[in-house]
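A closer look at the structure
Letter by letter, the chains look like this.
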Amino acid sequence: AERIGYPVMVKASEGGGGKGIRMCASKEEIEANFPQVQNEAPPGSPVFVMQLCTGARHIEVQIMGDMHGNAVALNGRDCSTQRRFQKIFEEGPPSIVPKDTFTQMERAAQRLTQNL
């Protein structure tokens, strides 16, 4: 956290639904929150630290693929309205993203899926 800068998110890999994740603004907060993050996830779940991106949006691209490497982007949604790091509602299509930017995101997600 000292290297990447504060604030950070301390997150259990196998957390979810707002559990196993805490925002920390200092070393002292990490020391206090780390045991809580571990206790809210299954035993042995890896815990990682990532820099908090303030003002970011949670935009998802919906992809469908098959076992033959075919993939298609179906649509997308803005999942930015959250409470305690859990989505409250999803808005589709994501009107906050310019159409040409979202088209590029869909194409990138499709290419990624085709390479799995």
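As the structure is a computational prediction, the values presented were derived from the model and not from experiment.

**Structural notes on a nonpolar patch on the surface**
A surface patch of nonpolar side chains, amounting to about 290 Å² of accessible area, comprises M64, V72 and L74. In this fold, V72 is placed in strand β5 (residues 71-78). Taking the relative accessible area as the measure of exposure, V72 reaches 40% and is therefore partly exposed.

**So, the environment of E31**
Following the sequence through the fold, E31 ends up in helix α1 (residues 27-39). Counting along the chain gives 27 residues from E31 to I4, while the straight-line C-alpha distance between them is 17 Å.

**Section: the confidence of the model for the protein**
It should be kept in mind that the predicted coordinates are not to be read in detail where pLDDT is low. In this model, the protein carries an average pLDDT of 89, and 95% of its residues clear a pLDDT of 70 or more. Highest mean pLDDT in the protein belongs to α1 (96); lowest belongs to strand β6 (residues 82-83) (67).

**Side note on the nonpolar core**
Among the nonpolar cores identified, the biggest contains seven residues, and these are V8, V10, A12, C24, I30, V37 and A41. Of all the secondary structure elements, the ones that give two or more residues to this core are β1 (8-16) and α1. Considering each element in turn, this core owes the most residues, three residues, to β1.

**Topic: the pattern of salt bridges**
By the definition in use, this model includes three salt bridges. The partner of R22 in a salt bridge is E40, and the shortest N-O contact between them spans 2.5 Å. On the criterion of sequence distance, the pair formed by R22 in strand β2 (residues 19-24) and E40 in the loop between α1 and β3 (47-51) is long-range, its members being 18 residues apart. The class of E40 is partly exposed, set by a relative accessible area of 31%. Of the charged contacts in the structure, one is a salt bridge between E60 and R77, with a shortest N-O distance of 2.7 Å. On the criterion of sequence distance, the pair formed by E60 in strand β4 (residues 59-65) and R77 in strand β5 is long-range, its members being 17 residues apart.

**Focus: the sheet that holds β3**
Note on sheets: strands pair through backbone hydrogen bonds, and any given pair is parallel or antiparallel. The strand order β2-β1-β3 describes an open sheet built from three strands, whose pairing is antiparallel. For this open sheet the edge positions go to β2 and β3, each flanked by a neighbour on one side alone. Going from strand to strand, the sheet's axes swing by 20° on average, the running direction of each strand aside. Relative to β3, β1 runs antiparallel, the two sharing five bridges. In the sheet register, K11 faces β3, and the bridge partner there is F48. Where α1 meets the sheet, its contacts fall on β1, β2 and β3, and the angle it forms with β2 comes to roughly 170°.

**Description of the side chain of N33**
Along the chain, N33 falls in helix α1. The contact partners of N33, leaving out residues within four places of it in the chain, are R22, M23 and C24.

**Some thoughts on a negative patch on the surface**
Among the surface-exposed residues, E2, E28, E29 and E31 lie close enough to one another that they form a single negatively charged patch. Tracing the backbone through its elements, the reader meets E29 in helix α1. Of the residues examined, E29 reaches a relative accessible area of 34% and is grouped as partly exposed.

Thresholds, definitions, all that
Residues numbered from 1 in each chain as written. Predicted model: local features only at pLDDT ≥ 70, side-chain atom pairs only at ≥ 80, totals over all residues. Heavy atoms only, no water. Patch = residues over 30% accessible without salt bridge, like charges linked within 9 Å, V, L, I, M, F, W, Y side chains within 5 Å. Areas by Shrake-Rupley, 256 points an atom, 1.4 Å probe, with all protein chains shown as cover. Salt bridge = Lys/Arg side-chain N within 4 Å of Asp/Glu carboxyl O. Helix = DSSP H or I, 4+ residues; strand = E, 2+ residues; numbered from the N terminus. Buried < 20%, exposed > 50% of the residue type's maximum accessible area, 1.4 Å probe, protein only. pLDDT = per-residue confidence, 0-100. Core = buried A, V, L, I, M, F, W, Y, C linked by side-chain atoms within 4.5 Å. Pairing = 2+ DSSP bridges. Axes fitted to C-alpha atoms, helices over the stretch in contact; angles between N-to-C directions. Contact = heavy atoms within 4.5 Å. Lys, Arg positive; Asp, Glu negative; His and termini not counted. Charge placed at Lys NZ, Arg CZ, Asp CG, Glu CD.

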